Amino acid sequence: MFLLPQPTSRIEKDRFIDIVKERLLKVYDEKIMAIGVYGSFALDEDGPYSDINFQVIGFDGQRIDDFQFIYPPFKVTIESLQKQQYITSAKEINSDWSLNVARFIHTMPIYDPIMFFSKMKSIPLQISSYEIKDVMKKCMIEELYVKMAKIRNLRLIQDETSLLLNAVEFCEQSAKLIGLANRYYFRSKTRMLEESLGIATKPHGYEQLVKLILQRDWDISEIVYEACEHLWTGINQWFNELGINYRSHSFPF
């Protein structure tokens, strides 16, 4: 049996983080404005096999390389952005907004003399209702509509395994939209479905499908399919209530 990946304690990770920080500062010196750690370690939710994610902020005009490597027993990702690039990323809004925002809000500073990461925390939450509805419309056309069509096709050909897998993805896509609509961000994808049940505003049928998935109650795929149909109806009603029209009655060209 190949031994990697191996478990490490939080204390071991902490020590290694300090080693990497000192190495970065030695190599890149005055190019670096701030260094932080994001992901499960920053959220204090890391497990023995969790990797370590570094965010390096360079001064504008200073290039710092990205790295992804295995330094046994650690898996390390180092993402580097210049100051303005980071600010632009923090302002970005797309269908994954509710999953991406946590990394900006919960970055753990390990070198930050000007408290850059603290100043950035509020930026991702400064999104307008217009931006939210525009992204929801795009997500409906590009993701949810396509996924529901696929689920119906899979039912017709009686591919139960693929139908169930796509039902999970359909539910996850819906959860991201619910998070966005409520300006609610998830701490991790692992807990997204469970967390989403506590969000106030969501379409009818959503809770039923989530509970089926979380309980792994998949003995009869027809039950899951009907739950998808119920949610699909609920999503369309929800969009009408929000005033989001994703259907065109004339060609856009």
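Residues numbered from 1 in each chain as written. Predicted model: local features only at pLDDT ≥ 70, side-chain atom pairs only at ≥ 80, totals over all residues. Heavy atoms only, no water.

### So, the environment of Pro109
Keep this limit in mind: Counting from the N terminus, the helices are DSSP H or I runs at least four residues long and the strands are E runs at least two residues long.
In this fold, Pro109 is placed in strand 5 (residues 108-111). Along the backbone, Pro109 and Gln55 are 54 residues apart, and their C-alpha atoms lie at a distance of 9.2 Å.

### With respect to the sheet that holds strand 4 (residues 74-82)
Our working definition: At least two bridges found by DSSP between two strands is the condition for calling them paired. Axis lines are fitted through C-alpha atoms, for helices just across the contact stretch, and the angle between N-to-C directions can take any value from 0 to 180 degrees. The contact criterion used throughout is that any non-hydrogen atoms of two residues lie within 4.5 Å.
With mixed pairing, 5 strands are arranged side by side in an open sheet as 3-4-2-1-5. Each edge of the sheet is formed by a strand with only one pairing partner; in this case those strands are strand 3 (67-71) and strand 5. With direction set aside, neighbouring strand axes in the sheet form an average angle of 25 degrees. Two elements, strand 1 (residues 32-38) and strand 2 (residues 52-58), share 6 bridges in a ladder whose sense is antiparallel. Its bridge partner lying in strand 2, Ala34 is registered against Ile57. Contacts between helix 1 (residues 10-28) and the sheet are confined to strand 1, strand 2, strand 3, strand 4 and strand 5, with strand 1 contributing the most and set at about 160 degrees to the helix.

### Brief notes about the state of the cysteines
Defined as follows: Sulfur atoms of two cysteines make up a disulfide when they are within 2.5 Å. Burial here depends on accessible area, computed with a 1.4 Å probe over protein chains only, as a share of the maximum for the residue type. Under 20% is buried, over 50% is exposed, and the range in between is partly exposed.
Summed over the entire model, instances satisfying the criterion amount to 0 disulfides. Free cysteine Cys171: the closest other cysteine sulfur is in Cys228, separated by 7.9 Å. Overall, the relative accessible area of 0% leaves Cys228 in the buried class.

### Some thoughts on the pattern of salt bridges
Definition in use: Definition used for salt bridges: Asp or Glu carboxyl oxygen within 4 Å of a side-chain nitrogen of Lys or Arg.
All chains considered together, the criterion is met by 18 salt bridges. A salt bridge links Asp18 to Lys21, with the nearest nitrogen and oxygen atoms 3.2 Å apart. Within this pair, Asp18 and its partner Lys21 are both found in helix 1, separated by 3 residues, close to a single helical turn. One salt bridge in this structure joins Glu222 and Arg155, with 2.7 Å as the shortest N-O distance. Taken together, the positions of Glu222 in helix 9 (residues 221-242) and Arg155 in helix 5 (residues 129-156) put the pair 67 residues apart, joining distant regions of the chain. Among the residues examined, Glu222 registers a relative accessible area of 32% and is labelled partly exposed. Residues participating in the shared-partner salt-bridge network are Arg10, Lys13, Asp44 and Asp46.

### A few points about the packing of helix 5 against helix 6 (residues 160-181)
Condition: Oblique is the label for every angle not falling under 35 degrees (roughly parallel), over 145 degrees (roughly antiparallel), or within 65 to 115 degrees (roughly perpendicular). Here a crossing is called left-handed whenever its near helix is offset anticlockwise from the far helix by less than a right angle, and right-handed whenever the offset is clockwise. Throughout, the ten residues Ala, Val, Leu, Ile, Met, Phe, Trp, Tyr, Cys and Pro are labelled nonpolar, Asp, Glu, Lys and Arg are labelled charged, and all others, Gly among them, are labelled polar.
Closest axis-to-axis distance for the helix 5/helix 6 pair is 10 Å, and the angle between their directions is 165 degrees. Comparing their axes, helix 6 and helix 5 come out roughly antiparallel. Between helix 5 and helix 6 lies a crossing of left-handed hand. For the pair formed by helix 5 and helix 6, the contact residues are Ile132, Val135, Met136, Cys139, Glu143, Leu144, Lys147, Met148, Lys150, Ile151, Leu154 and Arg155 on the first element and Ser162, Leu163, Asn166, Ala167, Glu169, Phe170, Gln173, Ser174, Lys176, Leu177, Leu180 and Ala181 on the second. When its residues are assigned to classes, the contact of helix 5 with helix 6 shows 14 nonpolar, 4 polar and 6 charged.

### Here we look at helix 6
Here is the rule we go by: Helix span, as expected, comes to 1.5 Å for every residue beyond the first.
In this model helix 6 runs 31 Å from its N-terminal to its C-terminal C-alpha over 22 residues, within 8% of the 32 Å that 1.5 Å per residue would give. Backbone geometry just after helix 6 places Arg183 at a positive phi near 55 degrees.

### Here we look at the side chain of Ser174
Positionally, Ser174 belongs in helix 6. Given a relative accessible area of 2%, Ser174 falls into the buried group.

### Here we look at unusual backbone geometry
Cis geometry marks the peptide bond from Leu4 to Pro5; its omega dihedral reads -5 degrees. Along the chain, the position of Pro5 falls in the segment before helix 1. Cis geometry marks the peptide bond from Pro72 to Pro73, where omega comes out at 5 degrees. If you check the backbone angles, Gln158 has positive phi at about 60 degrees while not being a glycine. Within the fold, Gln158 resides in the loop between helix 5 and helix 6. Taking relative accessible area as the criterion, Gln158 reaches 67% and is therefore assigned exposed.

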